[in-house]
Amino acid sequence: MEISGKTKLVGIFGDPVDHTISPAMQNAAFEALFLDMAYIPFHVRKSPAYDLKAAIASIRALNLRGVNITIPHKEKVLKYLDEVDPDARAIGAVNTIVNRNGKLVGYNTDGPGYLLSLKEDTGFTVRGKRIVILGAGGAARAILRSALEKKPASIVVANRTLKRAEDLVSEFESTFTAEMQAVRLDGSLAPFAKKASLVVNTTSIGMKGSGTLDFPLEALPKGAVVSDIVYVPLETEFLSAAKARGLRVHYGLSMLVRQGALTFELWTGKKAPIEVMQRAALAALSLK
Ligand code: NAP
């Protein structure tokens, strides 16, 4: 990659950003399509809060083509943008900003990226299905909102902190027709598992081998899909156990690559080279 005065710059704002594999994934895609673009991580501190405001203003000042936004800024950034895509507004979080001639527009590619990768990898479509979401954090929220748009029959949100799951369900249940229920994430999920076509782990359990999910995989119907958005390790204990039971599985890395691909398309207007991005993400992860 050669950087010159003509190179269009993009990047990521987060705290921390040292672990991100997005630069590897996006720069590989730019190179594959011979685009004169470069992706740079920027450590935008959580505190003081005015750092984020100044960083967002710098997108205009430095004429960046756009940025990714990651933890802990995804929610706070909305108030500094000129326009927010209605889906991102409903999710309440932005992970991608596009600079359209000085107008900063926010999007969220996490939810759509999740559903696209799920469909591509397993053929799973949401309409009319019963879904169990484990977790009620930021990622759960994005996946829940995007899934609700596709008219599932029901969604159960199970979380360690019940109140957080209840708040999520009460926020969305009046807007959508799907049956919704909030429950505690403990050993009592078998009645929900029995009817589920999809269970997705959106908690950080299993990340870098931390903890074990308390979910009765044995109660799931034969054709069910088990999905885990954690991607370090690539195959979590949860997915290994599901595979051992002959269930179909969906990997977190696939979501990561797909959300990155959607971001790439927003910035460039070109179809993302998914396989190139997947290979680069895998190579970057193997170095961690
Ligand atoms: P978050 O907003 O902090 O939410 C964390 C969730 O995990 C909450 O539901 C929390 O429950 C639960 N949790 C954490 N530790 C737990 C434990 N020991 N026992 C039970 N529940 C626990 O985080 P997030 O942004 O949603 O991210 C969650 C995970 O998804 C992370 O591992 C992240 O790396 C991954 N992720 C992957 C992708 C991808 O593209 N593949 C995208 C986004 C996120 P409480 O409410 O009870 O605290």
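See the structure printed just above.
Residues numbered from 1 in each chain as written. Predicted model: local features only at pLDDT ≥ 70, side-chain atom pairs only at ≥ 80, totals over all residues. Heavy atoms only, no water.

Trainee: Please clarify how the nonpolar core should be interpreted in this entry.
Mentor: Note that soluble globular proteins tend to have their nonpolar side chains buried in a common cluster. Counting 27 residues, the largest nonpolar core has Tyr114, Ile133, Leu144, Leu148, Ile155 and Val157 as the members making the most contacts within it. Of all the secondary-structure elements, those providing two or more residues to this core are α4 (110-122), β7 (130-134), α5 (138-149), β8 (154-159), α6 (162-172) and β10 (198-201). If one sorts the elements of this core by residue count, α5 sits on top with five residues. Ignoring sequence-local partners within four residues, the contact set of Leu144 consists of Ile133, Ile155, Val157, Leu168, Phe172 and Met180. (Core = buried A, V, L, I, M, F, W, Y, C linked by side-chain atoms within 4.5 Å. Buried < 20%, exposed > 50% of the residue type's maximum accessible area, 1.4 Å probe, protein only. Helix = DSSP H or I, 4+ residues; strand = E, 2+ residues; numbered from the N terminus. Contact = heavy atoms within 4.5 Å.)

Trainee: Whenever I open this one, the sheet that holds strand β5 (residues 96-100) confuses me. Can you help?
Mentor: Strand pairing in a sheet relies on backbone hydrogen bonds, with the paired strands running either antiparallel or parallel. In space, the six strands of this open sheet follow the order β2-β1-β3-β5-β6-β4, with mixed pairing throughout. The open sheet has two edge strands with one neighbour each: β2 (37-43) and β4 (83-84). Taken together, the seven bridges between strand β1 (residues 8-14) and β2 define a ladder with parallel strand orientation. Bridge pairing in β2 places Ile12 opposite Pro41. Contacts between helix α1 (residues 22-32) and the sheet are confined to β1 and β2, with β2 contributing the most and set at about 165° to the helix. In the packing of helix α9 (residues 252-268) onto the sheet, the strands contacted are β1, β2, β3 (66-69), β5 and β6 (103-107), and the crossing angle to β5 comes to about 5°. (Pairing = 2+ DSSP bridges. Axes fitted to C-alpha atoms, helices over the stretch in contact; angles between N-to-C directions.)

Trainee: Can you help me understand α5 in this one?
Mentor: Side chains of residues three or four places apart in an α-helix project in the same direction, reflecting 3.6 residues per turn. For α5, which comprises twelve residues, the first-to-last C-alpha distance of 17 Å matches the rise-based estimate of 16 Å (1.5 Å per residue) to within 8%. Counting buried positions along α5 yields nine of twelve residues, so the element is predominantly enclosed. Taken together, the buried positions of α5 are Ala140, Arg141, Ala142, Ile143, Leu144, Arg145, Ser146, Ala147 and Leu148. Following α5 by one or two positions, Lys151 has its phi on the positive side, about 60°. (Expected span 1.5 Å × (residues − 1).)

Trainee: Honestly, the pairing of β8 in this entry has me stumped. Any pointers?
Mentor: A regular strand places its side chains on the two faces of the sheet in alternate fashion. Within β8, six of the six residues are buried, leaving the element largely enclosed by the surrounding structure. Neither face of β8 is left uncovered, since the one carrying Ser154, Val156 and Ala158 and the one carrying Ile155, Val157 and Asn159 both have all their residues buried. When β7 meets β8, the two strands line up parallel, connected through five bridges. Residue pairing in the sheet places Ile133 in a bridge with Val157 of β8. As for the winding sense of the linkage, the β-α-β connection from β7 through α5 to β8 is right-handed. Sheet analysis places β8 next to strand β9 (residues 179-184), joined by six bridges and oriented parallel. In the sheet register, Ile155 faces β9, and the bridge partner there is Met180. Between the parallel elements β8 and β9, the chain passes through α6 in a crossover that is right-handed. (Right-handed = clockwise from strand over helix to strand, strands pointing away.)

Trainee: Explain the pairing of strand β11 (residues 225-228) here, please?
Mentor: Along β11, one buried face is formed by Val225 and Ser227 and the opposite face, lined by Val226 and Asp228, is buried too. Of the strand pairs in this sheet, β10 and β11 are connected by four bridges, and their pairing is parallel. Looking at β11, one finds that Val199 is bridged to Val226. As defined by bridge partners, β11 adjoins strand β12 (residues 248-250) across three bridges and the pair is classed as parallel. Bridged to Ser227 within β12 is His250. Chirality of the crossover, the property in question, places the unit of β11, helix α8 (residues 237-244) and β12 among those that are right-handed.

Trainee: Even after reading the chapter, I still don't get the packing of α4 against α9, so can you show me in this structure?
Mentor: Between two packed helices, both the angle of their axes relative to each other and the distance between the axes serve to describe the pair. Put simply, α4 and α9 touch, their axes get as near as 8 Å, and they point 120° apart. Here α4 is positioned oblique relative to α9, judged by the angle of their axes. Between α4 and α9 the crossing geometry is right-handed. Within the contact between the two elements, α4 uses Asp110, Pro112, Gly113, Tyr114, Leu116, Ser117, Glu120 and Asp121 and α9 uses Ser254, Met255, Arg258, Gln259 and Leu262. Across the contact of α4 with α9, the residue classes tally to five nonpolar, four polar and four charged. (Parallel < 35°, antiparallel > 145°, perpendicular 65-115°, else oblique. Left-handed = near helix turned anticlockwise from the far one by under 90°. Nonpolar A, V, L, I, M, F, W, Y, C, P; charged D, E, K, R; others polar.)

Remember that the coordinates give geometry; whether it matters functionally is a separate question.
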